[in-house]
Amino acid sequence: MTSYDLTLEWPTGRTRTIEADEDETVLEAAERAELALPFGCRTGACGTCAGRLLEADGSDSTVAVDDAFAYRRDPRALKTRHRTAGYVLLCIAMPRTDCRLAVGSRVHAELVENPWK
Ligand code: FES
């Protein structure tokens with residue numbers, strides 16, 4: 001089975017590199033490595049688990065996020081503009097390349113528009 005190296009980066013500067021199998025989601029691989037990432041529905045509906053692709057296969061985030069991951073089901077919580085900007089739902093996304101991802105609850109907050117701004 002093919003596996004990929006995923007480097008996870010938190011806003012605090014903490015980083016961890018984990019290995020994920022091609023049939024495993026990023027969230028499942030993180031849990032296997034005993035790392036806590038935020039999640040809610042685990043079905044692609046809420047967006048709580050969102051991460052952002054920073055680098056894929058040694059290239060910067062201009063690599064399409066849809067080439068870097070395969071989804072187990074429709075990522076309903078993401079709009080097209082989110083996917084274009086590199087956001088990915090870690091609960092249903094299975095890697096297709098080595099990559100570096102921003103993770104943590106702040107990534108989900110980036111998806112939600114502030115009505116008071
Ligand atoms: S946990 Fe709800 S979309 Fe991933």
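Going by the structure above, here's the rest.
Here is a short report on the structure shown in this document. (Residues numbered from 1 in each chain as written. Predicted model: local features only at pLDDT ≥ 70, side-chain atom pairs only at ≥ 80, totals over all residues. Heavy atoms only, no water.)

## Description of the overall build of the chain
Counting its regular elements, the chain contains four helices and eight strands. For the chain, the succession of helices and strands along the chain, N to C, is β-β-α-β-β-α-β-α-β-β-β-α. With the C-alpha coordinates of the chain rotated into their principal frame, the extents come out at 45 × 25 × 25 Å. Relative to all contacts within the chain whose residues are 6 or more apart in sequence, the contacts with residues 24 or more apart total 58%. Roughly 6400 Å² of accessible area belongs to the chain as shown, and the carbon and sulfur atoms make up 44% of that amount. If you average the places of the 15 positive and of the 19 negative side-chain charges in the chain, the two averages end up 8 Å apart. (Helix = DSSP H or I, 4+ residues; strand = E, 2+ residues; numbered from the N terminus. Contact = heavy atoms within 4.5 Å. Areas by Shrake-Rupley, 256 points an atom, 1.4 Å probe, with all protein chains shown as cover. Lys, Arg positive; Asp, Glu negative; His and termini not counted. Charge placed at Lys NZ, Arg CZ, Asp CG, Glu CD.)

## Thoughts on the pattern of salt bridges
Here the idea is simple: oppositely charged side chains can pair when their charged atoms come close. Inspection of the entire model under this criterion finds seven salt bridges. Here Glu 24 and Arg 32 are joined by a salt bridge, their closest N and O atoms 2.8 Å apart. Residue Arg 42 is joined to Glu 31 by a salt bridge in which the shortest nitrogen-to-oxygen separation is 2.9 Å. Here Arg 42, found in the loop between helix 1 (26-32) and strand 3 (50-56), pairs with Glu 31, found in helix 1; they are eleven residues apart in sequence, far enough to count as distant. Its relative accessible area of 32% is what places Glu 31 among the partly exposed residues. Residues joined by salt bridges that share partners form a network here, namely Glu 9, Glu 55 and Arg 100. (Salt bridge = Lys/Arg side-chain N within 4 Å of Asp/Glu carboxyl O. Buried < 20%, exposed > 50% of the residue type's maximum accessible area, 1.4 Å probe, protein only.)

## Here's the deal with the environment of Thr 12
Here Thr 12 lies in the loop between strand 1 (3-9) and strand 2 (15-21). When its relative accessible area of 71% is taken as the criterion, Thr 12 is described as exposed. Placed 92 residues apart in sequence, Thr 12 and Gly 104 show a C-alpha to C-alpha distance of 9.6 Å. From its side chain, Thr 12 meets the backbone nitrogen of Arg 14 in a polar contact 3.4 Å long. (Polar contact = N/O pair within 3.5 Å; in protein donor to acceptor, adjacent residues only side chain to side chain.)

## Here's the deal with the packing of aromatic side chains
Across all of its chains, the model carries zero aromatic pairs by this definition. Sitting over the face of the ring of Trp 10, Arg 14 holds its NZ or CZ atom 4.2 Å from the ring centroid. (Phe/Tyr/Trp six-rings, centres within 6.5 Å; stacked < 30°, edge-to-face > 60°. Lys NZ or Arg CZ within 6 Å of the ring centre and 35° of its normal.)

## Some details on the pairing of strand 2
Working note: regular strand, side chains alternate between the two faces of the sheet. Pairing between strand 1 and strand 2: seven bridges, direction antiparallel. For Leu 6, the partnering residue across the bridge sits in strand 2 and is Ile 18. Where strand 1 hands over to strand 2, the hairpin turn is made up of five residues, of which Gly 13 adopts a positive phi near 100°. (Pairing = 2+ DSSP bridges.)

## Structural notes on the side chain of Glu 24
The topology assignment puts Glu 24 in the loop between strand 2 and helix 1. Polar contacts involving the side chain of Glu 24 include one to the main-chain amide nitrogen of Asp 21, which spans 3.0 Å. A polar side-chain atom of Glu 24 sits 2.8 Å from a polar atom in the side chain of Arg 32. Once residues within four sequence positions are removed from consideration, Glu 24 is found in contact with Glu 19, Ala 29, Arg 32, Arg 72, Ala 93, Met 94 and Pro 95.

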